[in-house]
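# Structure assessment
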Amino acid sequence: MSVRRLLPHYAMVLPFGVLFAAFFLYPIVSGLYYSFHSWNAATEAQFVGWANYEAVLSSRDFSRSMSNLVVYIAITVPLGITVAFGLALLVDSFTGFWANFFRSAFFLPVVLPAFLAATIWRWMYAPNFGLVNMVLGWFGMPSINFLNDTGTMLYALIAVDVWVSAGFNMVILLAGLKNIPQDLYEAARLDGAGRSQQVRYITIPMLAPVLFFVITYGFISALQVFDVPWLLTGSSFTAYGGRRSALLFPVMDMMGRAFGSVRFGEAAAYGFILTAIIIFITAAMFAVRAWRTPK
């Protein structure tokens, strides 16, 4: 096939190629360049080698943000998947109007803007008039300042994130449930299997590929957590993470270094460190899945 005949095809993909290069490839290459330079956007960039990476990895904020992230992921991902799986089973048990109603109701938090979700939960967590403390008061329990008490801040964030993300995971799992042949359940009922046995031996194994996707997506999303803790703590580029950095996370720290301290070189290095962590965890999850999958 001649080059002239291929020109229309190349012309059709050219706009995508230009946008891809401008908004994806160039930022990556530029970020990698500045990660090895000291740059404040006002003066000439100075080459510093691995100094930015060393400064990030040895900083106290990095250690604290990673510590918060590990606890956050260890609780949020399994809890969120469990809640979403329970909601999917619940919605799947209904048909017609009620199935559509519950699916829409549970999915609603997903489409809410982050600032609106954070505003709702800041009101609910308010120490004097918030709904959560009002309910606690009915049981004679003292008021808790959820977003200012370092012992409760992380768990308050986890509750919000599970509320926001469960609907998305529920829809994915529900789609997987709809693809499971009903003959398997009928055969199991004839053999005397109860509901819990059907879920354990039929539903979960048949949902394995969908569960793997949801878990992987949950891990990647959790590693990039930023907007909800930022909004819950009323953070700015110069003051973020809440009291005693109880809600400090890596992306927040990276943004603070870039736009608060004007250390764009360190922020770029921070970004590539996070990228390496995400790639490593994702590759490890795929490797484990490949190892456990029967040949």
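Residues numbered from 1 in each chain as written. Predicted model: local features only at pLDDT ≥ 70, side-chain atom pairs only at ≥ 80, totals over all residues. Heavy atoms only, no water.

## Focus on the environment of R195
- Structurally, R195 can be placed in helix α9 (residues 195-206).
- Residue class for R195 comes out partly exposed when judged on its relative accessible area of 47%.
- Separated by 10 residues in the primary sequence, R195 and Y185 place their C-alpha atoms 9.3 Å from one another. (Helix = DSSP H or I, 4+ residues; strand = E, 2+ residues; numbered from the N terminus. Buried < 20%, exposed > 50% of the residue type's maximum accessible area, 1.4 Å probe, protein only.)

## A word on α9
- Here α9 spans 15 Å end to end across 12 residues, near enough to the 16 Å set by a 1.5 Å rise per residue.
- Those residues of α9 that are buried are in contact with α3 (60-92), α7 (153-178) and α8 (182-190). (Expected span 1.5 Å × (residues − 1). Contact = heavy atoms within 4.5 Å.)

## Quick look at helix α12 (residues 250-260)
- Taken across its 11 residues, α12 has eight buried, putting it largely inside the fold.
- If you check which residues of α12 are buried, you get P250, V251, M252, D253, M254, G256, R257 and A258.
- Contacts made by the buried residues of α12 are with α2 (51-57), α3, α10 (208-223), α11 (227-232) and α13 (264-292).
- Positive backbone phi, approximately 55°, marks V262, located one or two places after α12.

## Let's talk about the confidence of the model for the protein chain
- Looking at the protein chain, pLDDT values average 90 and 98% of them are 70 or higher.
- The lowest-confidence element of the protein chain is α8, averaging 87 in pLDDT; the highest-confidence one is α2, averaging 95. (pLDDT = per-residue confidence, 0-100.)

## Some remarks on the packing of aromatic side chains
- All told, the structure shown has 28 aromatic pairs when counted by the stated rule.
- Measuring from ring centre to ring centre gives 5.2 Å for W50 and Y53, while their planes differ by 55°; the resulting arrangement is tilted.
- Looking at W50, the relative accessible area reads 55%, which means it is exposed.
- Ring centres 5.4 Å apart and planes at 70° place the aromatic pair F101 and F102 in the edge-to-face group.
- Ring pairs connect the aromatic residues Y33, Y34, W39, F226, W230, F237, Y240, F259 and F264, which therefore count as one cluster.
- The cationic tip of R289 hangs over the ring face of F212; the distance from NZ or CZ to the ring centre is 5.0 Å. (Phe/Tyr/Trp six-rings, centres within 6.5 Å; stacked < 30°, edge-to-face > 60°. Lys NZ or Arg CZ within 6 Å of the ring centre and 35° of its normal.)

## Topic: the nonpolar core
- In terms of nonpolar packing, the biggest core is built from 63 residues, with L69, Y72, L157, L232 and F249 touching the most fellow members.
- Top contributing element to this core by residue count: α3, with 13 residues. (Core = buried A, V, L, I, M, F, W, Y, C linked by side-chain atoms within 4.5 Å.)

## What about the pattern of salt bridges?
- The final tally for this structure, using the stated rule, is four salt bridges.
- For D92, the salt bridge goes to K178, with nearest N and O atoms at 3.0 Å. A residue pair is termed long-range when its members are at least 10 positions apart, and D92 in helix α3 and K178 in helix α7 qualify at 86 residues.
- Residue class for D92 comes out partly exposed when judged on its relative accessible area of 26%.
- Exposure remark for K178: the relative accessible area of 52% places this residue in the exposed category.
- For R263, the salt bridge goes to E266, with nearest N and O atoms at 3.4 Å.
- What makes R263 partly exposed here is its relative accessible area of 36%.
- Shared partners join several salt bridges into a network, and the residues in it are D253, R257, R263 and E266. (Salt bridge = Lys/Arg side-chain N within 4 Å of Asp/Glu carboxyl O.)

## As for the packing of α8 against α9
- For the pair α8 and α9, interaxial distance at closest approach is 11 Å and the crossing angle is 160°. As summarised for this structure, α8 and α9 are arranged roughly antiparallel, according to the angle between their axes. Crossing angle aside, the handedness with which α8 passes α9 is right-handed. Contacts between α8 and α9 involve L184, Y185, A188 and R189 on the former and, on the latter, Q198, I202, T203 and M206. (Axes fitted to C-alpha atoms, helices over the stretch in contact; angles between N-to-C directions. Parallel < 35°, antiparallel > 145°, perpendicular 65-115°, else oblique. Left-handed = near helix turned anticlockwise from the far one by under 90°.)

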